[in-house]
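So the chains spell out like this:
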Amino acid sequence: MRTSPAAIPVAPRLRDFKYAIRNIVAEARKVEAAGRRVRYLNIGDPAIFGFQTPPHMIAAVERAMRDGHNGYAPSVGILPAREAVAQELTGRGMPMSPDRVVVTSGTSEGIELALTALVDGGDEVLIPAPTYPLYTAVLAKIGARGVFYRTDPAHGWLPDVEQVAKLVTPSTRAIVVIDPNNPTGASYPADVRRALIDIADRHNLPLLADEVYGDLAYTGPVPPMASLAPDAPILSFSSLSKAYLAPGWRAGWLAAGRTDRLDDVLAAIKKLADGRLCSPGPMQHAIAAALTGDRSHEPRLRDALRERAEVTTRAFNGIDGISVVAPSAAFYAMPKVSLPPGVTDEDYVLGLLRATGILCVYGSGFGTEPQDGYFRVVFLASPSELTDIYAAVADFTRDFLSRPV
Ligand SMILES: Cc1ncc(COP(=O)(O)O)c(C=O)c1O
């Protein structure tokens, strides 16, 4: 009799590759299979909550397909898209030329290209805690190490700049700044941004500025970090996913600051970009349409988000045992529940899912400590739906916290 062959092994470094925002969906599917409706507050996708892609962007993609732009695009992206990004960044204070822009499959691919170009196995990259989990995931894939710097909920989730400076070692290769921030909803004042840039500049480290929420601060667009120091070694990343409401198109860009210190990094990024051929071609045609065309949806989107942020802050701060820092940008909040000893954020989030069908993501998926009780909420649903959801969270939390341990 033939014995069945052993399972084929996967690369051990993938043990550290985690992406809680999507991993947790497997649990939600089980809850759905048991007959309960799930409300997905785990993914920051405005399109699934009824925020519609501006029609002129759709028309631009449609036109591109009809006009026969269905072949491979240049690996750095089509010129009109790169020109539009350069013009946009220059207009916002980051002097930019199209040859320093690369069109990518979303911010995600830009980040992956930059980290792959910069970091070897065993190297370190400073990343915020909590972080958007793509950073830890990509670093795991490369075999490098994310070193967390604190962002402090007692100070509006601002980075602890002194700690950032102390964490730089000879193995550090880059500093990541996510501003405005996912998962906390914070946006950073100019003095904090300047202090972070100074650290990067002093140590000759590239600062990777994740600016995908740059248009979504409730008070209006935030200038790119590089506008504060155009000659500092800063790479800026963004996309059409959030403020332009087209996350499924995978259309984004990275832009390397004008300093020649970044020339080799940019060349390495372009070399890597050649290897993956191009980002989706027709969607690249929407970039110029988005950045140079009608943006009247943006103030409406910001107002809608501000209203939802207020509903969210009021609701969570009104629940015994929960507190939250009011977000000032994007569509995320990071409430904290005071957990009894021995209970984790994942226990709470899975309990909430199974009891109510409400799906959030546990904070440890973003790098907070499991016992600290953080969880992330995406507040893109309508204010009335959010109000119902938060009432159910309040009921569940009262029961959860009154259970004997
Ligand atoms: C901070 C941050 N960076 C990058 C991304 C990825 O965005 P994209 O769809 O442009 O790849 C996200 C998506 O949620 C994000 O929150």
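In this report, the structure presented in the accompanying data block is examined. None of these values were measured; they are calculated from a predicted model. (Residues numbered from 1 in each chain as written. Predicted model: local features only at pLDDT ≥ 70, side-chain atom pairs only at ≥ 80, totals over all residues. Heavy atoms only, no water.)

## Overview of the pairing of strand β7 (residues 207-210)
Two faces belong to every sheet, and in a regular strand the side chains alternate between them. Every second residue of β7 is oriented toward a common face, with L207 and A209 on one face and L208 and D210 on the other, all of them buried. Bridge count for strand β6 (residues 172-178) against β7 is four bridges, and the pairing is parallel. Counterpart to V176 in the pairing with β7 is L208. Regarding the hand of the β-α-β motif, the stretch spanning β6, helix α8 (residues 190-202) and β7 is right-handed. By the bridge criterion, four bridges tie β7 to strand β8 (residues 234-239) in an arrangement that is parallel. Residue pairing across strands places L207 opposite I234, the latter belonging to β8. (Buried < 20%, exposed > 50% of the residue type's maximum accessible area, 1.4 Å probe, protein only. Helix = DSSP H or I, 4+ residues; strand = E, 2+ residues; numbered from the N terminus. Pairing = 2+ DSSP bridges. Right-handed = clockwise from strand over helix to strand, strands pointing away.)

## Points about the sheet that holds β7
Overall, mixed pairing links the eight strands, which are arranged β2-β9-β8-β7-β6-β3-β4-β5 in an open sheet. A single partner strand is all that each edge strand has here, and the edge strands are β2 (101-104) and β5 (158-159). Taken together, the five bridges between β8 and strand β9 (residues 252-256) define a ladder with antiparallel strand orientation. From the neighbouring strand, F237 faces β9, where its bridge partner is L254. The sheet contacts of helix α5 (residues 106-118) involve β2, β3 (124-129), β6, β7, β8 and β9, and relative to β8 the element is tilted by about 155°. Its contacts with the sheet put helix α9 (residues 263-275) on β2, β8 and β9, and the angle it makes with β2 is roughly 30°. (Contact = heavy atoms within 4.5 Å. Axes fitted to C-alpha atoms, helices over the stretch in contact; angles between N-to-C directions.)

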